[in-house]
Amino acid sequence: MKIAVPNKGRLHDPTLDLLDRAGLGVEGGSDRQLYADTVDPDISILFARAADIPEYVADGAADIGITGYDMVREAGADLEELIDLGFGNCRIVLAAPQDGDIQQVYDLDGKTVATEFPHLAEEYFAEMDVDAEIVEVSGATELTPHVDMADAIIDITSTGTTLRVNRLEVVDEVLKSSVRLFARDDVAGTEKTQQVAMALRSVLDADGKRYLMLNAPQDNLDAIEEVIPGLGGPTVMDVEGQDTVAVHAVVEERHVFETINALKDEGATGILVTEIERLVD
Ligand SMILES: Nc1ncnc2c1ncn2[C@@H]1O[C@H](COP(=O)(O)OP(=O)(O)OP(=O)(O)O)[C@@H](O)[C@H]1O
Ligand SMILES: O=P(O)(O)OC[C@H]1O[C@H](OP(=O)(O)OP(=O)(O)O)[C@H](O)[C@@H]1O
Ligand SMILES: [Mg+2]
């Protein structure tokens, strides 16, 4: 099984970090390598440009891939989306100079739009029934309206800083994107793919959760259980030869502070809070 992973850019580090936390750490450095092994002998990594990953997976150079949804849509690749990995959140937007003539997409009939996403742009204007000329650029798209190359752009925004600095404003949203795990249809259902998906999901599920351990007086167990919020009932274990039970539970990080205070009030002792690396159901 080969997983295609961004070789550089902003998606590289978070992707390797996520694989590592999922127990699929990449062996050896990843600098400028094309292939790398993981700790699982059956799983290797193919490093590729984020934009090329959809095609590599579709063509069989890799089996599954991690990249932005925008990249998959731009490539027009027919891939199955398995998990939203929750990072690389951004929007592809139509943007035009602030206080200019372009107030809405329909103002672009007969006008020019610069973008690194010509395929998405074609689809978008076809859907809007607007006849705009699309100019493909390979970067610094935000400059083009100021050098009379284009009347508007279709580009990525997340914080909005780049648009603001370039005196552009959003006219319409074309696509919402985030980094996701994709698979070719014929491998989406295999056991190995499902195992990788489960491992990645277990890391996401553990995010923001804490493991709580404590000792509680046996006769106050009901009150103690009441205090521990949600996420499936706590695990209770007898402590031999004592009137005390050990209680373990998974708790949302944001509830830890109030929960500990409430537990103390109910007579809990030896309270331990630890991080959770993975949560497999
Ligand atoms: N500002 C951003 N905020 C959040 N996600 C982003 C942002 N810019 C890009 N992305 C996501 O990351 C993906 C890859 O962008 P990135 O800039 O890392 O690649 P790249 O431009 O090809 O890298 P490089 O220019 O170094 O080759 C995009 O397709 C998008 O899904
Ligand atoms: O809304 P913002 O938070 O400002 O982010 C948007 C910018 O981020 C990306 O560029 P990136 O930083 O990847 O540089 P690049 O053009 O070299 O890819 C994107 O192409 C935008 O220019
Ligand atoms: Mg970029």
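These figures come from a predicted structure and were not determined experimentally.

(A) The arrangement of the site of ligand 2 in detail. Taken together, the neighbourhood of ligand 2 is formed by R10, E142, D155, I156, T157, S158, T159, G160, T161 and T162. At a separation of 2.5 Å, an oxygen atom of ligand 2 approaches a polar side-chain atom of T159. Relative to its unbound accessible area of 500 Å², ligand 2 is 59% covered by the protein chains. At the level of secondary structure, the elements contributing two or more residues to the shell around ligand 2 comprise β9 (152-157) and α5 (161-165). Sort the elements by how many residues they give to the shell around ligand 2 and β9 lands first, with three residues. The residue inventory of the shell around ligand 2, partitioned by class, reads one nonpolar, six polar and three charged.

(B) Molecular detail of the sheet that holds strand β7 (residues 112-115). Taken in spatial order, the five strands of this open sheet run β8-β7-β9-β6-β10, and their pairing is mixed. Taken across any chain shown, the strands that pair with only one partner, and hence form the sheet edges, are β8 (133-136) and β10 (168-177). Across the sheet, the axes of successive neighbouring strands diverge by a mean angle of 30 degrees, strand direction being ignored. Where β7 meets β9, three bridges bridge the pair, whose relative direction is parallel. What sits directly across from V113, in β9, is A152.

(C) View of the sheet that holds strand β14 (residues 244-252). Reading across the sheet, the four strands line up as β13-β14-β12-β15 and stay open at both edges, with antiparallel pairing between neighbours. Unpaired on one side and paired on the other, β13 (235-238) and β15 (269-275) mark the two borders of the sheet. Strand-to-strand twist of the sheet, defined as the mean angle between neighbouring strand axes without regard to direction, takes the value 15 degrees. Bridge count between strand β12 (residues 209-217) and β14: nine bridges; the pairing is antiparallel. The residue of β14 that forms the bridge with R210 is V251.

(D) The domain arrangement of the protein chain, seen in detail. Taken domain by domain, the protein chain holds domain 1 (2-87 + 178-205), domain 2 (90-177) and domain 3 (208-275). With nine residues of domain 1 in contact, the opposing surface of domain 2 contributes eleven residues. In terms of surface lost to domain 2, no three residues of domain 1 exceed D70, R73 and E74, which account for 72% of the buried area on that side. Across the domain 1-domain 2 interface, the total number found is one salt bridge. Of the charged contacts, one joins R73 and E123 as a salt bridge, the two residues approaching to 3.2 Å between their closest N and O atoms. Where domain 1 touches domain 2, the interface holds six residue pairs in polar contact (both at pLDDT 80 or more). Partitioning the side of domain 1 that touches domain 2 into residue classes produces two nonpolar, three polar and four charged.

Parameters and conventions
Residues numbered from 1 in each chain as written. Chains lettered and ligands numbered in written order. Predicted model: local features only at pLDDT ≥ 70, side-chain atom pairs only at ≥ 80, totals over all residues. Heavy atoms only, no water. Near = heavy atom within 4 Å. Polar contact = N/O pair within 3.5 Å; in protein donor to acceptor, adjacent residues only side chain to side chain. Areas by Shrake-Rupley, 256 points an atom, 1.4 Å probe, with all protein chains shown as cover. Helix = DSSP H or I, 4+ residues; strand = E, 2+ residues; numbered from the N terminus. Nonpolar A, V, L, I, M, F, W, Y, C, P; charged D, E, K, R; others polar. Pairing = 2+ DSSP bridges. Axes fitted to C-alpha atoms, helices over the stretch in contact; angles between N-to-C directions. Domains from an automatic or database assignment. Contact = heavy atoms within 4.5 Å. Buried area = accessible area lost by both parts, 1.4 Å probe. Salt bridge = Lys/Arg side-chain N within 4 Å of Asp/Glu carboxyl O.

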